Amino acid sequence: MPVKGLPPLEGAEKEVVMRFAPNPNGPPTLGSARGIIINSEYVKMYGGRLILRFDDTDPVNKRPMLEAYDWYQEDCRWLDAVPDAVVIASDRLPMYYKIAEELIRMGAAYVCRCDQATFKRYKDASLACPHRDRDPEESLDLWDGMKAGNLRPGDAVLRIKTDITHKDPALRDWAAFRIVTTDHPRIGDRYRVWPLLDFESGIEDHLLGITHIIRGKDLMDSERRQLYLYRHLGWEYPSVVHWGRIKIHQFGSFSTSALKEAIEAGEYRGWDDPRLPTVKALRRRGILADALRKFMIDLGVSETDISISMDTIYAENRKLVDPQARRRFFVKDPVPLEIEGEVPPVVQVPFHPTVDMGCRLIPAGNTVLVSGDDLAEMGVGNRLRLKDLCNLEILALDPARARARALGTDPAEAKNMKLPIIQWCPRDGVPVEVMRPDGVDRGVGEVGIREDEGRTDQFERYGFVRIDSVDDEVVAYFAHR
RNA sequence: GCUCCGGUAGUGUAGUCCGGCCAAUCAUUCCGGCCUUUCGAGCCGAAGACCCGGGUUCAAAUCCCGGCCGGAGCACCA
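Residues numbered from 1 in each chain as written. Chains lettered and ligands numbered in written order. Predicted model: local features only at pLDDT ≥ 70, side-chain atom pairs only at ≥ 80, totals over all residues. Heavy atoms only, no water.

1. Some words on the overall build of chain A
Right, on to step 1. When its secondary structure is counted, chain A shows 13 helices and 27 strands.
Right, on to step 2. Relative to the compact-globule value of 23 Å for 481 residues, chain A shows a C-alpha radius of gyration of 30 Å, a clear excess of over 25%.
Right, on to step 3. Overall, chain A is about 100 × 50 × 35 Å in size when its C-alpha atoms are taken along their principal axes.
Right, on to step 4. Buried positions account for 54% of the 481 residues belonging to chain A.
Right, on to step 5. Expressed as a percentage of contacts within chain A between residues at least 6 apart in sequence, the contacts between residues at least 24 apart total 69%.
Right, on to step 6. Taken as a whole, chain A presents about 21800 Å² of accessible surface, with 47% of it coming from carbon and sulfur. (Helix = DSSP H or I, 4+ residues; strand = E, 2+ residues; numbered from the N terminus. Rg over C-alpha atoms; globule rule 2.2 N^0.38 Å. Buried < 20%, exposed > 50% of the residue type's maximum accessible area, 1.4 Å probe, protein only. Contact = heavy atoms within 4.5 Å. Areas by Shrake-Rupley, 256 points an atom, 1.4 Å probe, with all protein chains shown as cover.)

Below you can see the structure in the form of structure tokens.
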């Protein structure tokens, strides 16, 4: 048991089997990552098993995306949470049917033909609807009718008997199956009766031998509803931990379906657009899985609704990435600076200030590029140092032809004079485009950046970026400062 | 309307079950200083919280009651 980390799980001595059960209607987000990480962390802690289960039983409102099944597995792998088994609910309808029929026969479930509004009236009044006491045989016939196509969507549902007078209206005779004629992306139109979450998930948790469930407290009623199911079937309910809703300052609230629309409308470049809180996007930006794991474990499993800041994730990531990130010069919005006097034609610069990672050579000479932003801070007569190159005095600042005079190369002099130090770039550097959560920066970088495809570098005085591609132009994804 | 949960510094979090060791932990953030050829890292220091009101008790962040605030469920969504 780690000294720091998650609180112990109740009753974990015997066995721990946990599941992460997403609906694959989009890619994993930061919220999914929490579920994946916490479940896998507990499983690791107790030497248990982790099951990835796709609760994909709504082809209409939360229609699954075929690609998303793979995305979840990919992101689980990346997060070091490889599941021991993968289960897909839409493969297992016959099993659910069998149990449903058993429940009907024992009088624990019935086919209800009320329309939604009518049933709600009965339910709100704590009254049984006329169908509740129908003979099991009659329910069975209707159930067959639902499956065979004699009944249309909305004509009938299968309800689990609970306590119609329960003081919490949310628990009264909930629906377990309904008719859906929309095809399912994975298995087409083979079935026209689909289970609802409380049934599917409750049944699966038992069949899979789940011992511990972690889920959002919005699903608290699920447990109370499923308890009736378990009682009917004589099963023992797993132990449950709830956590509150999680919001992210920088992203506000988002829903998978809203994001999907925005992407289709072209507002984002895709599911890994750096503006999005998806796992794919964070990975592309160079956020490490370990940073996410550490962050999520630190959040714990409190029942309070929380609002987190990306800054904390960034801080975690920076600690991991800083010691291994090559330093590179990148100049945003570059302008040429002509230097009079002696300037080294090339300089050798270490990749890292404190870690020995070797050096790179950067060609220099009498014209270099500096950032327009930096120059805007300067005045004629000001002195500054080009990092690792030379000291300068500004002679002219016309945007088109900024000029300066070289004052030697000694860093000690710059230090004594407390000169500002800025990064620079050779005139024939490589064009770089930085995709940021808040827009796109364009500029030029030292040519060596082309060797860093897939790595996370630190652009000095700019921030950490992941080098995403290196064609004629380098595309980098911004992680954080 | 009915039902259920929660409320510790700006943001998270420990402590709450089993009152005292809590003049409340850690991280992040912010502010100051040091260091550094990066506005990064590192080091040092500082600031900052128990929702409110009653009650029980020698003693309450911790137990009880009431209120306030926030979230959730009452779907043929997950």
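2. Focus: the sheet that holds strand S6 (residues 175-179)
Right, on to step 1. Strand order in the open sheet formed by four strands is S4-S5-S6-S7, with antiparallel pairing between adjacent strands. Each edge of the open sheet is held by one strand with a lone partner, namely strand S4 (109-112) and strand S7 (193-195). Taken pair by pair, the neighbouring strands of this sheet meet at an average axis angle of 25°, ignoring direction.
Right, on to step 2. As paired elements, S6 and S7 share three bridges and run antiparallel to each other. When the sheet's bridge partners are listed, Phe177 is paired in S7 with Pro195.
Right, on to step 3. The strands touched by helix H3 (residues 93-105) are S4, strand S5 (157-160), S6 and S7; relative to S7, the strand with the most contacts, the crossing angle is about 85°. (Pairing = 2+ DSSP bridges. Axes fitted to C-alpha atoms, helices over the stretch in contact; angles between N-to-C directions.)

3. Re the side chain of Arg134
Right, on to step 1. Within the secondary structure layout, Arg134 lies in the loop between helix H4 (116-124) and helix H5 (136-148).
Right, on to step 2. On the basis of relative accessible area, Arg134 is assigned to the buried category, the value being 15%.
Right, on to step 3. Only 3.0 Å separates the side chain of Arg134 from the backbone oxygen of Val111, close enough to count as a polar contact.
Right, on to step 4. Within the local environment of Arg134, its side chain forms a polar contact with the side chain of Glu138, the two groups lying 2.8 Å apart.
Right, on to step 5. Every residue in contact with Arg134, bar those within four places of it in the chain, is listed here: Val111, Arg113, Ser139 and Leu142. (Polar contact = N/O pair within 3.5 Å; in protein donor to acceptor, adjacent residues only side chain to side chain.)

4. Quick word on a negative patch on the surface
Right, on to step 1. There is a patch of like negative charges on the surface, built from Asp135, Glu137, Asp141 and Asp144.
Right, on to step 2. Mapped onto the elements, Glu137 comes out in helix H5. (Patch = residues over 30% accessible without salt bridge, like charges linked within 9 Å, V, L, I, M, F, W, Y side chains within 5 Å. Salt bridge = Lys/Arg side-chain N within 4 Å of Asp/Glu carboxyl O. Lys, Arg positive; Asp, Glu negative; His and termini not counted. Charge placed at Lys NZ, Arg CZ, Asp CG, Glu CD.)

5. Structural notes on the pairing of strand S24 (residues 439-445)
Consecutive residues of a regular strand have side chains that alternate between opposite faces of the sheet.
Right, on to step 1. Sheet topology note: the strand S13 (residues 330-332)/S24 ladder contains three bridges and is antiparallel. What sits directly across from Lys332, in S24, is Gly443.
Right, on to step 2. Strand direction decides the pairing type here: strand S23 (residues 430-436) and S24, joined by seven bridges, are antiparallel. Paired with Arg436 across the bridge in S24 is Gly439.
Right, on to step 3. Between S23 and S24, which pair antiparallel and follow one another directly, the connecting turn spans two residues.

6. Some points on the packing of aromatic side chains
Right, on to step 1. Applying the stated rule across the entire model yields 17 aromatic pairs.
Right, on to step 2. Consider the rings of Tyr97 and Phe177, whose centres lie 6.1 Å apart with planes at 55°: the pair is tilted. Linking Tyr97 in helix H3 with Phe177 in strand S6, this pair joins segments that are 80 residues apart in sequence. Take Tyr97 and Phe177: they sit in the same class, and that class is buried.
Right, on to step 3. Centre to centre, the rings of Tyr230 and Tyr237 are 4.7 Å apart; their planes meet at 65°, and the pair counts as edge-to-face. The residues Tyr230 and Tyr237 share a single accessibility class, namely buried.
Right, on to step 4. Counting every residue linked through ring pairs, the aromatic cluster contains Tyr97, Trp143, Phe177, Tyr191, Trp194 and Phe199.
Right, on to step 5. The aromatic ring of Tyr228 is capped on one face by Arg231, whose charged end is 4.9 Å from the ring centroid.
Right, on to step 6. It is Arg360 that lies over the ring of Phe329; its NZ or CZ is 5.2 Å from the centre. (Phe/Tyr/Trp six-rings, centres within 6.5 Å; stacked < 30°, edge-to-face > 60°. Lys NZ or Arg CZ within 6 Å of the ring centre and 35° of its normal.)

7. Things to note about the protein's contact with RNA strand B
Right, on to step 1. Around RNA strand B lies a shell of 59 residues, among which Lys123, Asp168, Leu196, Ser307 and Arg461 are the nearest.
Right, on to step 2. Considering RNA strand B, the proportion of its atoms within 4 Å of the protein that are sugar or phosphate atoms stands at 73%.
Right, on to step 3. A distance of 3.4 Å separates a phosphate oxygen of RNA strand B from a polar side-chain atom of Arg318.
Right, on to step 4. For the surface near RNA strand B, the secondary structure elements donating two or more residues are H4, S5, S6, helix H7 (220-233), helix H10 (289-299), strand S11 (306-308), helix H11 (310-321) and helix H13 (411-416).
Right, on to step 5. Split into classes, the residues belonging to the surface near RNA strand B amount to 18 nonpolar, 11 polar and 30 charged. (Near = heavy atom within 4 Å. Nonpolar A, V, L, I, M, F, W, Y, C, P; charged D, E, K, R; others polar.)

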